[in-house]
Amino acid sequence: MAHSDLRDFFSTLEKEGQLLRLSRPVDAEPHLGAAARAVANLTDRGPALLFDNVNGYEHGQVALNVVGSWPNHALMLGMPKDTPVKDQFFEFARRWDDYPVPVERREDAPWQECTVDEGINLFDLLPLFRLNRYDVGCFIDKAVVVSRDPDDPDHFGKQNAGIYRIQVKDVDRLGIQPLPTHDIGLHLRAAEERGENLPVAIAIGNEPVITTVAGMPLAYEQSEYEMAGAIQGSPYRIAKAPLTGLDVPWGSEVVLEGEIIAGVREIEGPFGEFTGHYSGGRRQPIIKIHKVSYRRDPIFEHLYLGMPWTEMDYTLALNTSVPLYQQLKKDFPEVVAVNAMYTQGLLGVVAVKQRYGGFAKAVGLRAMTTPHGLGYCKVMIMVDETVDPFNLAQVMWALSVKFHPLHDIVTVPNASVLPLDPSSDPAGITHKVVLDATTPIAPEVRGHYSQTVDAPAETANWEKIIKEMLK
Amino acid sequence: MTNPEISQSEICPRCDERAVRVMTTSPVPGVWTMFSCDVCFYSWRSTEPSYATDPATYPAAFKVDPSTIADMPVVPTVPQRRS
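Residues numbered from 1 in each chain as written. Chains lettered and ligands numbered in written order. Predicted model: local features only at pLDDT ≥ 70, side-chain atom pairs only at ≥ 80, totals over all residues.

Draft legend 1. Representation of the sheet that holds strand 2 (residues 48-51) of chain A in the model. Residue and element names in this part refer to chain A. Sheet architecture is open: four strands sit in the order 1-2-3-18, paired in mixed fashion. Every other strand in the sheet has two partners, leaving strand 1 (19-22) and strand 18 (299-301) as the edge strands with one partner each. Going from strand to strand, the sheet's axes swing by 20 degrees on average, the running direction of each strand aside. The strands touched by helix 1 (residues 6-15) within the sheet are strand 1, strand 2, strand 3 (61-64) and strand 18, with strand 1 carrying the most contacts at an inclination of about 105 degrees. (Pairing = 2+ DSSP bridges. Helix = DSSP H or I, 4+ residues; strand = E, 2+ residues; numbered from the N terminus. Axes fitted to C-alpha atoms, helices over the stretch in contact; angles between N-to-C directions. Contact = placed C-beta atoms within 7 Å.)

Draft legend 2. Here's a closer look at the environment of W70 of chain A. Among the secondary structure elements, W70 of chain A is positioned in helix 3 (residues 70-76). Excluding its chain neighbours within four sequence positions, the residues that come into contact with W70 of chain A are D44, R45, V85 and Y314 of chain A.

Draft legend 3. Quick peek at the packing of helix 9 (residues 311-331) of chain A against helix 10 (residues 359-368) of chain A. Residue and element names in this part refer to chain A. Helix 10 packs onto helix 9 with a crossing angle of 130 degrees between their chain directions and a minimal axis gap of 10 Å. Between helix 9 and helix 10, the angle is such that the two are oblique. Crossing hand, helix 9 versus helix 10: right-handed. In contact with L324, L328 and D331 of helix 9, helix 10 contributes V363, R366 and A367. Class assignment of the residues belonging to the contact of helix 9 with helix 10 gives a composition of four nonpolar, no polar and two charged. (Parallel < 35°, antiparallel > 145°, perpendicular 65-115°, else oblique. Left-handed = near helix turned anticlockwise from the far one by under 90°. Nonpolar A, V, L, I, M, F, W, Y, C, P; charged D, E, K, R; others polar.)

Draft legend 4. Summary view of the interface of chain A and chain B. The interface is formed by 39 residues belonging to chain A together with 31 residues belonging to chain B. Elements with a minimum of two residues in the side of chain A that touches chain B: helix 2 (28-42), helix 5 (122-125), strand 9 (166-170), helix 6 (183-194), strand 15 (266-268) and strand 16 (282-284) of chain A. Of the residues forming the side of chain A that touches chain B, the biggest block, six residues, is contributed by helix 6 of chain A. In terms of residue class, the side of chain A that touches chain B is made up of 14 nonpolar, nine polar and 16 charged.

If you want it as C-alpha cells, here you go:
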C-alpha cells in the first residue's frame, strides 16, 4: 500500500476520483492560491488539484490540496476512502507503535535525471507563486528539509527531516524559519557556535507519508524516515543527495542543496499562517542554493494554509492527535481517544473514562504539560469515553448538558503557548482552560444524569442495512 | 495617480524605497517579470493585481518602514562562537 512517490499517489487518487487535472491556462496569482482556498471551502471530501498550464511556463505543473480531505488522508494510509476519521486515528496510532522500521537505501533516484550547478534559477525550474494576498513573496512551504547535527553528523536518528516555511528571496537564495524549538534550530545553533554554515537538502514534491511525518513532533533522536516506514507499513526509500550527502526521499520531484549561512539574519515575512492570521516580519536565517537535482518537468507541490480548515489541518490532524494520545495514555490508560486537530491542537478534545470525580480535569491539565501541550492545548474539552471526540455534534452535546460553568472550568494563568497564537499577550503567554464535560462521578455527585435515552433495539442492525443500501 | 509601470520598476510597493530590481523573467519570454526590493525583500510579479504591485494601493497595515527593519526580532538569535 506504500506509494513510491507523488506520481504514484496521484494514480491512486485518480482511480478513486480524488484528483482534478486542470489544463486551462492560469496566471500564478491569484488563481493557484484561490483554487486551493476554494476547494477547501467547498467540501471536506475534496480532490487534489494538479495544474499543468501556468502562464509563463512551457511545462509548469503545480499540485495543491494533495491531502486536503479525509478521503485523500485515508488513501494516503492505504485505507478505503470512506474510512471514518476515528478509524483513521486508531490505525495511525497502531502503526505508530511499529516504529522504528529500517529504511531502504537506493542509488537510483528519479531526481538524478537532471542537475544544475551554475546559473541556478528556481523560477525557471518551478512555477513559484504568492499564495495569500499579502505574503511577502513566493514560498516553498511543503518541502522536506533535511539537516544533520554538526556535533554528531553520523547519527542517522539525529538527522532531521522537517517542514519549514521557506521564502524565495532570489533565484538561488531562500529565507527559512527554523525556530529554536525545532530540531533544525538545534542543528543551526550548533553550526553557528562552531562558526560553520549548516548544509541542508530541500526535497520538493513527495508522496504524502513523509510530508505527514516531517510535521510530527518526534523526539530529537527519532528518525522521520524510520517513522515513515512505520506509518506506510514498509521500509521508506531514501537516497543520498549528491552534494551534501544528506538522506532525502528517493521519490522526490526536486532536491535543492545548499547551506544556511552562519550568523546572517534578514527580514522575512509576513506569511499567512495556519492560525488564520499573518505572521509579522522578523529577521531570520537565509539559505544559499548550490545544486539542484530534478526530474524532467517536475511537479511543484504546494500547501495552501490560511484560515482553517485547509489542507494543513488535514495533514497535521492525526500527527498532532496521536502523540498526545500516546503520551496521555502512558500515564492514564483510561484515555480513549484524542482529537487535537483544531489549529494544530490549540484546542483539543479528550475522551476519557473517569476513575473518580475530578479525574478528567487532571488529564486535561496533563495534556497542557506534554511536549506538544507546552506550545498548544490552550482549550482542553474533556468528554466521557462514550462520546466520539471526532464527532463535534456529540462534543457540543456533552458541553451543553454535562458542563457546569461553576464547577467545570479550570484556568491556568500565564502558561506558555506558541507565539503565533494571536490571542497570546505577550506573544507566547496565555491563560489556558480545561472545560470538563464529563459526567460527574463520586465523590463529585451533582446533576441529574441517571436516565439517558438509549437507542431503540435493532438500531445497530439498521445502521448496517442503511449503510449497505447507500453504497 | 501613480503610473504602475514606473512603480513596478522603481519603487517598492511595501517599503517605498527605490531599491527595486528585476529578479527574473518568465521562462516563456515576455509573459511576466518578477521584481524584488533589496531593502525589505518584498517581491512581486508584473501580472499581479494592483494590491500587490502598486505603492499607492498597497495597504498601509502591511507597509514596512525601512528604519524599523534593524530592530525587528531576530529568530533564532545568533549564538556566541565556542572558544
